[in-house]
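# Structural characterization, general
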Amino acid sequence: WSDLAKNGYDVYFSILGWDEDKWDNGSSEPETEGMEWDDMSAEQRNAAEQVCFFEELWNGVPIPQWDMSVLSSSNGPSNLPSNARSESPTKAPTDTPTPGPTKSPSSSPVYQASLSPTRKPTTKPTSKPPS
């Protein structure tokens, strides 16, 4: 509950009937937990939306049965602000990609790491290895 309060979400969960004891100790669940979306007050629905619930999710409707008409409409979601941009934020590339490398490979030597040390150790071990 303290994390919710620190981030300001406790207000919304309080509207939904939660308090610190119910949240932290599971003493009981608020009445809203057993309610359908349409049975909640407008204030409760707004609080639920503020913590990322919407009607289908709240009512436990399986994802394949969600109303996707808002997402599949040609104009996009209808709840966008009137000043929202409708065009794509990116533009199509203007140049066509090249079919392959633009330069031939060079005949420069290629570095290969050595697996053997290049120098001998400069100090002697201080203890005998276990036998």
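The structure we're discussing is the one just above.
Because the structure is a prediction, the values reported are computed rather than measured.

### Overview of the overall build of the chain
- Within the chain, the secondary structure is distributed over 6 helices and 0 strands.
- Classification of the 131 residues of the chain by burial places 14% in the buried group.
- Considering only residue pairs separated by 6 or more positions, the chain has 26% of its internal contacts joining residues 24 or more positions apart.
- Accessible surface, the chain: about 11,800 Å² in total, of which carbon and sulfur atoms supply 52%.

### Overview of unusual backbone geometry
- Here Cys52, not a glycine, exhibits a phi torsion of approximately 70°, which is positive.
- When its relative accessible area of 63% is taken as the criterion, Cys52 is described as exposed.

### Some remarks on the packing of aromatic side chains
- Applying the stated criterion to the full structure yields 5 aromatic pairs.
- Pairing Tyr9 with Tyr12 gives two aromatic rings, centres 6.5 Å apart and planes at 50°, and the pair type is tilted.
- Classification of Tyr9 as partly exposed rests on a relative accessible area of 38%.
- On the basis of an interplanar angle of 85° and a centroid distance of 5.3 Å, the ring pair of Trp18 and Trp23 is categorised as edge-to-face.

### Thoughts on the nonpolar core
- Counting residues in hydrophobic clusters, the biggest one holds 12 residues: Trp1, Leu4, Phe13, Leu16, Trp18, Met35, Trp37, Met40, Ala47, Ala48, Val51 and Trp58.
- Setting aside chain neighbours within four positions, we find Ala47 in contact with Tyr12, Ile15 and Leu16.

### Observations concerning the environment of Leu4
- Along the chain, Leu4 falls in helix H1 (residues 2-6).
- Sequence separation between Leu4 and Glu20 is 16 residues, and the spatial gap between their C-alpha atoms is 9.7 Å.
- Contacts of Leu4, omitting those with residues within four sequence positions, involve Tyr9, Asp10, Phe13 and Trp23.

### As for a negative patch on the surface
- A grouping of Asp19, Glu20, Asp21 and Asp24 is seen on the molecular surface, where their side chains present a negatively charged patch.
- Relative to the elements of secondary structure, Asp21 occurs in helix H3 (residues 20-25).

Quick notes on the rules
- Residues numbered from 1 in each chain as written.
- Predicted model: local features only at pLDDT ≥ 70, side-chain atom pairs only at ≥ 80, totals over all residues.
- Heavy atoms only, no water.
- Helix = DSSP H or I, 4+ residues; strand = E, 2+ residues; numbered from the N terminus.
- Buried < 20%, exposed > 50% of the residue type's maximum accessible area, 1.4 Å probe, protein only.
- Contact = heavy atoms within 4.5 Å.
- Areas by Shrake-Rupley, 256 points an atom, 1.4 Å probe, with all protein chains shown as cover.
- Phe/Tyr/Trp six-rings, centres within 6.5 Å; stacked < 30°, edge-to-face > 60°.
- Core = buried A, V, L, I, M, F, W, Y, C linked by side-chain atoms within 4.5 Å.
- Patch = residues over 30% accessible without salt bridge, like charges linked within 9 Å, V, L, I, M, F, W, Y side chains within 5 Å.
- Salt bridge = Lys/Arg side-chain N within 4 Å of Asp/Glu carboxyl O.
- Lys, Arg positive; Asp, Glu negative; His and termini not counted.
- Charge placed at Lys NZ, Arg CZ, Asp CG, Glu CD.

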